[in-house]
Amino acid sequence: MGAALAMNIAEKGFGIAVHNRSSEKLDDFMENVGDLEDQVTPAESLDGLVAALGTPRAVIIMVKAGEPVDSVIESLSEVMEPGDLIIDAGNADFNDTRARHAALSEKGLNFLGVGVSGGEEGARHGPSIMVGGDREAYAPIEDIITAIAAKFEGDPCADWLGPDGAGHFVKTVHNGIEYADMQLIAEAYGLMRTAGVSLGDMAEVFANWNKGPLQSYLIEITAEILAVTDSPTGKPVVDIIMDKAGQKGTGRWTVIEALKLGQSATTIEAAVAARSWSAGKEMRAAAEDAFPGVRDAVDLANADLEAALLAARIIGYGQGMALLAAASEAFEWSLDLARVAEIWRAGCIIRSALLDEIASGTREGLQFDQLILSPAFVERLNETVPALRRVVAASVSSGQPIPAFAAALSYFDTIRRARGTTDLIQAQRDFFGRHGFERVDKDGTGFHGPWAE
Ligand code: 6PG
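Because the structure is predicted, anything quoted here is derived from the model rather than measured.

Q: So, the overall build of the protein: which residues are in play, and what are the values?
A: A count of helical and extended segments in the protein gives 21 helices and nine strands. Here the protein has a C-alpha radius of gyration of 25 Å; the compact-globule value for 453 residues is 22 Å, and the two agree. For the protein, the spread of C-alpha atoms along the principal axes amounts to about 75 × 65 × 45 Å. Residues classed as buried in the protein amount to 48% of the 453 residues present. Relative to all contacts within the protein whose residues are 6 or more apart in sequence, the contacts with residues 24 or more apart total 69%. Looking at the protein as shown, the accessible area adds up to about 22000 Å², and 52% of this sits on carbon and sulfur atoms. Taking the average place of the 38 positive charges on the side chains of the protein and the average place of its 66 negative ones, the gap between the two points comes to 6 Å.

Q: Residue-level account of the site of the ligand, with values.
A: Around the ligand lies a shell of 13 residues, among which Ser 117, Glu 178, Tyr 179, Lys 248 and Arg 275 are the nearest. The backbone of Lys 248 places a nitrogen or oxygen atom 2.7 Å from an oxygen atom of the ligand. Coverage of the ligand by the protein chains reaches 81% of its 410 Å² of free accessible surface. The biggest single contributor to the shell around the ligand is helix H9 (residues 166-194), with five residues. If you count residues domain by domain, the shell around the ligand takes at least three from each of domain 1 (2-164) and domain 2 (172-415).

Q: Lay out the packing of aromatic side chains with the relevant residues and their values.
A: Considering all chains together, one arrives at seven aromatic pairs under this definition. Ring centres of Phe 94 and Trp 333 lie 5.7 Å apart, and the angle between their planes is 85°; on these two criteria the pair is classed as edge-to-face. Taken together, the positions of Phe 94 in helix H5 (residues 94-106) and Trp 333 in the loop between helix H16 (302-331) and helix H17 (337-343) put the pair 239 residues apart, joining distant regions of the chain. Here Phe 94 and Trp 333 have matching classes, each one buried. Aromatic side chains Phe 206 and Trp 209 sit 5.1 Å apart centroid to centroid with 75° between the ring planes, which places their arrangement in the edge-to-face category. One end of the pair, Phe 206, and the other, Trp 209, are both in helix H10 (residues 199-209), three residues apart, so they sit about a helical turn from each other. The pair Phe 206 / Trp 209 is uniform in exposure class, with both members buried. Among the aromatic residues, ring-to-ring pairing joins Phe 94, Phe 169, Phe 331 and Trp 333 into one connected group. Sitting over the face of the ring of Tyr 179, Arg 275 holds its NZ or CZ atom 3.6 Å from the ring centroid.

Q: I'd love a proper account of the environment of Gly 251, names of residues and values included.
A: With respect to the element layout, Gly 251 can be found in helix H13 (residues 250-260). The sequence separation of Gly 251 and His 174 amounts to 77 residues, and the corresponding C-alpha distance is 9.0 Å. Look past the residues within four positions of Gly 251 in its chain and what remains in contact with it is Gly 176, Tyr 179, Ile 268 and Val 272.

Q: Which residues make up the sheet that holds strand S5 (residues 110-117), and what values go with them?
A: Taken in spatial order, the five strands of this open sheet run S3-S4-S5-S6-S9, and their pairing is mixed. Of all the strands in the sheet, the pair left with one neighbour each is strand S3 (58-61) and strand S9 (158-162). Neighbouring strand axes in the sheet, compared pairwise and without regard to direction, differ in orientation by 25° on average. With four bridges connecting them, S3 and strand S4 (residues 85-88) associate as parallel partners. In the sheet register, Ile 60 faces S4, and the bridge partner there is Ile 87. Sitting on the sheet, H5 is in contact with S4 and S5, with an inclination near 155° to S5.

Q: Got a sec to walk through the side chain of Asp 430? Specific residues and values, please.
A: Within the secondary structure, Asp 430 is located in helix H21 (residues 422-433). Although Asp 430 is buried, it makes no salt bridge; Arg 434 carries the closest opposite charge, 5.5 Å away. Within the structure, the side chain of Asp 430 is placed 2.7 Å from the side chain of His 448, a separation counted as a polar contact. If we ignore the near neighbours within four places in the chain, the residues touching Asp 430 are His 435, Gly 436, Phe 437, Phe 447, His 448, Gly 449 and Trp 451.

Q: Just give me the short version of helix H19 (residues 375-397), but keep the residues and values in it.
A: Given a rise of 1.5 Å per residue, 23 residues ought to cover 33 Å, and the 33 Å separating the end C-alpha atoms of H19 matches this to within 8%. At Thr 384, H19 is deflected by roughly 40°, the largest bend along its length, and proline Pro 386 occurs up to four residues later in sequence. Three or more residues of H19 are buried, namely Phe 377, Leu 381, Thr 384, Val 385, Ala 387, Leu 388, Val 391, Val 392 and Ser 395. Tucked inside the fold, the buried residues of H19 contact H9, H16, helix H18 (353-363) and helix H20 (403-415). One or two positions beyond H19, positive phi appears at Gly 399, with a value near 75°.

The rules behind these values
- Residues numbered from 1 in each chain as written.
- Predicted model: local features only at pLDDT ≥ 70, side-chain atom pairs only at ≥ 80, totals over all residues.
- Heavy atoms only, no water.
- Helix = DSSP H or I, 4+ residues; strand = E, 2+ residues; numbered from the N terminus.
- Rg over C-alpha atoms; globule rule 2.2 N^0.38 Å.
- Buried < 20%, exposed > 50% of the residue type's maximum accessible area, 1.4 Å probe, protein only.
- Contact = heavy atoms within 4.5 Å.
- Areas by Shrake-Rupley, 256 points an atom, 1.4 Å probe, with all protein chains shown as cover.
- Lys, Arg positive; Asp, Glu negative; His and termini not counted.
- Charge placed at Lys NZ, Arg CZ, Asp CG, Glu CD.
- Near = heavy atom within 4 Å.
- Polar contact = N/O pair within 3.5 Å; in protein donor to acceptor, adjacent residues only side chain to side chain.
- Domains from an automatic or database assignment.
- Phe/Tyr/Trp six-rings, centres within 6.5 Å; stacked < 30°, edge-to-face > 60°.
- Lys NZ or Arg CZ within 6 Å of the ring centre and 35° of its normal.
- Pairing = 2+ DSSP bridges.
- Axes fitted to C-alpha atoms, helices over the stretch in contact; angles between N-to-C directions.
- Salt bridge = Lys/Arg side-chain N within 4 Å of Asp/Glu carboxyl O.
- Expected span 1.5 Å × (residues − 1).
- Bend = angle between axes of the 7 residues up to and from the residue.

In structure tokens, the structure reads:
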């Protein structure tokens, strides 16, 4: 990723020095820079890297999240000078970014936590870039960042979003939405596969969906993936891949931060859970034997699956946006949520036709920070949720696993009830712990029920 980003920067006409702690990787990189050689200075050490830069210096680091970031920052801060800038462009837990920002400020060093989305290809040819940190620290590098970013109708998909950890937080939630979207797509694939749809036909279904409101990078690559054959075996490639999903932490961080902020991004949580459960392959095999019950194929119209995916995708995005709004308030970031949606319209993994609509809906102002209450999405959900309900109902009664679809629908049904059932929870809390409750007919708090002693 770092190499791809470096090539992108050099290609846009900026001089750059590069370092990798493996000299082999550095040599490989220099062998592949081709025409860009004059723009690139290789450095065998961090000292050499820093010495090759004009002042004030700016260094981008792209290493594994966690301890490796701290270790590189530590070494860099020994050789950099006050006024210089360190940019962490990897995925990072925003709590770490906040701490690093504070620690480096004390040394007079600037620090930006920058989320870069788009995978290897995006980094090379135009990612979406979410910048967090001091705005003044961003100003000197803004022209580089906007030059290398993806463009949506000419608008660079890069911006400064807020102070300290704001950029990494937004990137984390982006990834949470990515997890939800990937899981929903996998569930739709699972339902079709159980129903006996061939992978070739399924590839066509996804390719067709990609021409409609579901148009997105993830649907597009799903259509492509399903059509690929593993050459040694001649089998479809998905058939030879072990069904155990990896995860590096951003989905989990999204869920943890949602809970800490008194939110609950359940569609994302279901996606994280499904990846975690997938790791227990042998246990699942044992459970398959122990619980042979109903496990029937579900006969669903493609149009219903398509609409259900759209409804659940909107709900997943909505939970992500509500989480961003809550974080913005809690950390006083003043995030411009419409701008966030705008810079997700191209370059990033969750880029989709929906994001342009999300950006304009959000720009008009969201009631209660709820994307799903914006007029365009109210209309879309009224159209598509009946299909989501049919998909969930049929899957549940046939024993088909659809954790993310079900989570999206449960959330939707829960929040569209003005009078819920937590009156009873409050009564129970008061009964056993005199926790007190509010009344519907009087102002104030701390009322108690007439429970027997
Ligand atoms: C992106 C991706 C990128 C990476 C994920 C994979 O926006 O470009 O999200 O950040 O592919 O970190 O994450 P998992 O390994 O957790 O799926």
